[in-house]
Amino acid sequence: MPRSVSGVEMRKRQAAHIEAPPQAPGQPRPNTCCLCWCGCCKCLWNEDRLERSERQTCTKMDSIEATEEQRPSLEEVLSWARSFEMMLRSLEGREVFQEFLRSEYSEDNLLFWLACEELKKETDPTVVEEKARIIYEDYVSILSPKEVSLDSRVREGINRTLTEPSNLMYEEAQFQIYTLMHRDSFPRFLNSSVYRDLLANRRRTCLDT
């Protein structure tokens, strides 16, 4: 019959374990405990606990990545067909629409519209003057490297406001580009493979889930 261990002997063994000489740097501690609640040793229980924690973390990350990959949702993609304005308010919508415009060599229209939106948010006169100048040099000037579909009347109006720039100086030009994209580019976008492929992909995703 195995000999029972008294309380005194148990305390002596614990004290001996606590007072044991320190291990050399880099050397793992001996596997002396069986229920390592403090994570101080390399027992099988502790290693299994760490492995379970890593698996849970990976599962959470996979779930987050899967959610991000499914954006935009089917409902959002369908909403773009109902409203050009709604598509422009969506970051994913603008990105997809920009991809389509790039294929038609008219991406600069959207970039100009977005630059005007940013300018309208500014209130600092120094920042307004700087951004207004950049927009003019990039999109409006006859020497600008980018092509925006503005008529001569609107360009002349912009030229007259250059001496006193404001955050609304491109408002008429921005509206003209908005109208052009809405009436001309947007219907073709909805019939393009860019939009139709995205819509079909989101529908398949919904069916799979």
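The shown structure was predicted, so the numbers you read here are calculated from the model rather than taken from an experiment.

## Describing helix α5 (residues 91-103)
And then number 1: The end-to-end C-alpha distance of α5, which contains 13 residues, comes to 19 Å, matching closely the 18 Å that a straight helix rising 1.5 Å per residue would cover.
And then number 2: Those residues of α5 that fall on the buried side of the exposure criterion are E92, G93, V96, F97, Q98, F100 and L101.
And then number 3: The distance from a side-chain oxygen at the start of α5 to the backbone nitrogen of E92 is 3.4 Å, and the residue carrying that oxygen is S90.
And then number 4: A positive backbone phi angle near 60° is found at Y105, which sits one or two residues after α5.

## A few points about helix α9 (residues 171-190)
And then number 1: In this model, α9 (20 residues) spans 26 Å end to end at C-alpha, consistent with the 28 Å of a helix rising 1.5 Å per residue.
And then number 2: Taking the largest bend as the criterion, α9 deviates by roughly 35°, centred on H182.
And then number 3: Restricting attention to buried positions, one finds in α9 the residues A173, Q174, Q176, I177, Y178, T179, M181, S185, F186, F189 and L190.

## Let's talk about the confidence of the model for the protein
And then number 1: Chain-level pLDDT for the protein is 80 on average; 66% of the residues reach the 70-or-more range.
And then number 2: Least confident of the elements in the protein is helix α2 (residues 44-69), whose mean pLDDT is 47; most confident is α9, at 98.
And then number 3: In this model residues 30-39 is a low-confidence stretch, pLDDT under 50, and it forms 15 contacts with partners more than four residues away in sequence or in other chains.
And then number 4: Taken together, the stretch residues 57-68 has pLDDT below 50 and engages in zero contacts with residues farther than four places along the chain or on a different chain.

## Side note on the environment of G157
And then number 1: For G157, the position within the fold is in helix α8 (residues 152-161).
And then number 2: Given the relative accessible area of 22%, G157 is considered partly exposed.
And then number 3: For the pair G157 and E172, spaced 15 residues apart in the sequence, the C-alpha separation amounts to 9.0 Å.

## A few points about the nonpolar core
Grouped burial of nonpolar side chains is what soluble globular proteins tend to show.
And then number 1: Counting 37 residues, the largest nonpolar core has F97, F112, L150, I158, Y170 and F189 as its most contacted members.
And then number 2: Elements with a minimum of two residues in this core: α3 (74-82), α4 (84-89), α5, α6 (107-120), α7 (125-140), α8, α9 and α10 (193-208).
And then number 3: Per-element tally for this core: the top contributor is α9, with seven residues.
And then number 4: Filtering out sequence-adjacent residues up to four positions away, F112 remains in contact with I135, Y139, V140, V148, L150, Y170, A173, Q174 and I177.

## Remarks on the pattern of salt bridges
And then number 1: Here the structure, examined in full by the defined rule, presents 10 salt bridges.
And then number 2: Taking the shortest distance from any N to any O, the salt bridge between R188 and E104 comes out at 2.6 Å. On the criterion of sequence distance, the pair formed by R188 in helix α9 and E104 in the loop between α5 and α6 is long-range, its members being 84 residues apart.
And then number 3: Among the residues examined, R188 registers a relative accessible area of 34% and is labelled partly exposed.
And then number 4: For the salt bridge of R133 with E137, the shortest nitrogen-to-oxygen distance reads 3.1 Å. Here the residue R133 and the residue E137 both occupy positions in helix α7, the gap between them amounting to four residues, near one helical turn.
And then number 5: Bridged by salt links that share partners, the residues E104, D184 and R188 form one connected network.

The rules we used
Residues numbered from 1 in each chain as written. Predicted model: local features only at pLDDT ≥ 70, side-chain atom pairs only at ≥ 80, totals over all residues. Heavy atoms only, no water. Helix = DSSP H or I, 4+ residues; strand = E, 2+ residues; numbered from the N terminus. Expected span 1.5 Å × (residues − 1). Buried < 20%, exposed > 50% of the residue type's maximum accessible area, 1.4 Å probe, protein only. Polar contact = N/O pair within 3.5 Å; in protein donor to acceptor, adjacent residues only side chain to side chain. Bend = angle between axes of the 7 residues up to and from the residue. pLDDT = per-residue confidence, 0-100. Contact = heavy atoms within 4.5 Å. Core = buried A, V, L, I, M, F, W, Y, C linked by side-chain atoms within 4.5 Å. Salt bridge = Lys/Arg side-chain N within 4 Å of Asp/Glu carboxyl O.

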